[in-house]
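This is what each chain is made of:
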Amino acid sequence: MTTTPSGAPSPGPDPSAARQAEAGARAKLLGLARRSIDLVPTSWLVTGAGAALLAVTALFGGLEAAAVDPVPVVAVGETFEGSDLEMTVVGVELRDERGSALVFPDEEKGERVLAVEIDVVNTFSTPRGSATSSKNSAVVDGIRIEGLDDTAAVSRADDGTGSPMLQPDVPVRLLLAWVVGPDDFHDGDEIRLTLPDSTHRVGQSVVRGDYWDDVRIGATVTATVDEVAGR
Amino acid sequence: MKSKVLVWTLTAVLLAGAWGLSKATLSDDATIAPFRTEAEIGEPALARNLEVTITDVRLARSVRDAEGWTADGNWLVVDLQAASVVTQEGSTLRLAELVVSERTFSATDRGTTFAGQRLITGVPRAGSLTFELPDDALDGPATLRLGLTTGFSGEVLLDGVIELPLVLDELPFEGEAVLQENGWAR
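What counts and how
- Residues numbered from 1 in each chain as written.
- Chains lettered and ligands numbered in written order.
- Predicted model: local features only at pLDDT ≥ 70, side-chain atom pairs only at ≥ 80, totals over all residues.
- Helix = DSSP H or I, 4+ residues; strand = E, 2+ residues; numbered from the N terminus.
- Buried ≥ 20, exposed ≤ 12 C-beta atoms within 10 Å, placed from the backbone.
- Pairing = 2+ DSSP bridges.
- Expected span 1.5 Å × (residues − 1).
- Contact = placed C-beta atoms within 7 Å.
- Nonpolar A, V, L, I, M, F, W, Y, C, P; charged D, E, K, R; others polar.
- Domains from an automatic or database assignment.
- Core = buried A, V, L, I, M, F, W, Y, C linked by C-beta atoms within 7 Å.
- Axes fitted to C-alpha atoms, helices over the stretch in contact; angles between N-to-C directions.

Asks: Explain the overall build of chain A to me, please; I cannot follow it from the model alone.
Replies: Secondary structure summary: chain A contains two helices and 11 strands in total. Going from the N terminus to the C terminus, chain A shows its helices and strands as α-α-β-β-β-β-β-β-β-β-β-β-β. Principal axes of the C-alpha set define a box for chain A whose edges measure 115 × 40 × 35 Å. Counting over 231 residues, chain A shows a buried share of 29%.

Asks: Please clarify how the pairing of strand E3 (residues 85-95) of chain A should be interpreted in this entry.
Replies: As a general feature of sheets, a regular strand has side chains that alternate between the two faces. Residues and elements named next belong to chain A. Both strand E2 (residues 79-82) and E3 contribute to a ladder of four bridges, which runs antiparallel. Bridge assignment links Gly-82 to a residue of E3, and that residue is Leu-85. Here E2 hands over to E3 after two residues, with Ser-83 in that stretch at a positive phi of 55 degrees. Where E3 and strand E4 (residues 112-122) come together, 10 bridges link them in antiparallel fashion. When the sheet's bridge partners are listed, Val-92 is paired in E4 with Val-116.

Asks: Which parts of the structure should I look at to understand helix H1 (residues 2-24) of chain B?
Replies: The α-helix winds at 3.6 residues per turn, so residues separated by three or four positions along the chain end up facing the same way. With 23 residues, H1(B) ought to run about 33 Å at 1.5 Å a step, and its terminal C-alpha atoms sit 33 Å apart, in line with that. Taking burial as the measure, the 23 residues of H1(B) include zero buried ones, a minor fraction of the element.

Asks: Got a minute to help me understand the interface of chain A and chain B in this structure?
Replies: At the interface, 12 residues of chain A touch 12 residues of chain B. Its residues placed into classes, the side of chain A that touches chain B shows five nonpolar, four polar and three charged.

Asks: Honestly, the domain arrangement of chain A in this entry has me stumped. Any pointers?
Replies: Accessible area lost during the coming together of the parts is what is often quoted as the interface size. The assigned domain composition of chain A is domain 1 (15-59) and domain 2 (73-228). If you average the C-alpha positions of domain 1 of chain A and of domain 2 of chain A, the two centres end up 64 Å apart.

Asks: I would appreciate a short explanation of the environment of A:Gly181 in the present structure.
Replies: Looking at where A:Gly181 falls in the secondary structure, it is placed in the loop between strand E9 (172-180) and strand E10 (190-202). Take A:Gly181: there are 11 C-beta atoms within 10 Å of it, and that puts it in the exposed class.

Asks: How should I be thinking about the environment of B:Val63 in this particular structure?
Replies: All names here are of chain B. Considering the arrangement of structural elements, one finds Val-63 in strand E3 (residues 50-64). In sequence terms Val-63 and Glu-132 are 69 residues apart; their C-alpha atoms lie 10.0 Å from each other. Sequence-distant contacts of Val-63, that is, excluding residues within four places in its chain, are made with Thr-70, Ala-71, Trp-75, Val-77, Thr-130, Ala-177 and Leu-179.

Asks: Explain the nonpolar core here, please?
Replies: It is characteristic of soluble globular proteins that their nonpolar side chains tend to be buried jointly. Counting 40 residues, the largest nonpolar core has A:Ala115, A:Val120, A:Leu174, A:Leu176, A:Ala177 and A:Leu193 as its most contacted members. Put simply, the parts of the chain that give this core at least two residues each are E3, E4, strand E7 (153-156), strand E8 (165-166), E9, E10 and strand E11 (210-228) of chain A. A per-element tally of this core places E9(A) first, with seven residues. Beyond its immediate stretch of four places on either side in the chain, A:Leu174 contacts A:Ile118, A:Val120, A:Ser130, A:Val140, A:Val154, A:Ser155, A:Arg156 and A:Ala157. Counting 39 residues, the second-largest nonpolar core is a separate cluster that includes B:Leu80, B:Leu119, B:Phe131 and B:Leu144.

Asks: What exactly am I supposed to notice about the sheet that holds strand E6 (residues 103-106) of chain B here?
Replies: Within a sheet, each strand pairs with its neighbour through backbone hydrogen bonds, oriented either parallel or antiparallel. Residues and elements named next belong to chain B. Taken in spatial order, the five strands of this open sheet run E1-E9-E8-E5-E6, and their pairing is mixed. The open sheet has two edge strands with one neighbour each: strand E1 (35-38) and E6. Neighbour to neighbour, the strand axes of the sheet diverge by 30 degrees on average, direction disregarded. With four bridges joining them, E1 and strand E9 (residues 160-167) adopt parallel strand pairing. In the strand pairing of E9, Phe-35 is matched with Gly-160.

Structure, rendered in structure tokens:
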């Protein structure tokens, strides 16, 4: 293609001659490199590559377990964003009566209601339920209190609508309520809540539409139980 | 040289054709998409098993239902009459949503409204639907969509959907809107 025919007349300082000289030098260098590589046995090369690989692995911590990001801790009144929801725990109350919560304590057994007040905003573009039937919920009923196995009953704090739909960007105050025994919790107790986080996915072939998968604990909140007399 | 030009031109044409085809192909959902019927306020609109007459659409600062429930906020209130046409099976008005640009809102589940109303064949029921909206969704175009959902999917597939185009900032604004009691249309 660009080879100049050898032996062509080259008057004066011909650029093609300079190129030829350069190509010759490169060929010489390449030959030298090839000969020196031939001097090294193949097994050495393989061992060397393996050693380099091991060294790099060791540099990144070897077989030691990778550090896991610590679960963030948020305070009462602080907003956590997870599962495309903004969740702000407002307070935890221990009540004798259910109020607008959707649980029904047995008064004769002295049962009481532990209610978590929480502000929630759905930041996704379509309405979403605040509770699911699944044990491992990505939404509001995925909020748990450490030590209680049950999921909470979710209702609106204002009019008591049960498991309300969360409309996009419309803030709502919800109540999460558990029935607890008379001596399970006391005024001033510290409890730990876990807030859910998950990954949004869109169904491809079998599942249709949006769903939230890979549910995990997104944050923990430490709150103080506030005993409310009467109400 | 000539054959090279020909080959490259042909390649370009085929690539452009393939790109165009990929753009012209309908989405996977197109085979089960709903059939749209555009409605007008005051006029009956028909979509297979659903006949709806939207009588009034307005915005309000607060709503009150017939049972005394009230709530403040930004509300869009829709008065309507609806009946099923062919069968009462699956004739529950489950799809009632308002699409405002990128966001979709469903009719509120609070209070007592027409949301989830059982429709009767040939005898219209009347009531009000209301939508709770955030502050920044009160202007611009919006679409009200009504339909009978298919199975448990929560959406309408291969069936009719009645759509009412709206311009939110042209709607009348009320202080308090009183919702119609669910009942027979008069």
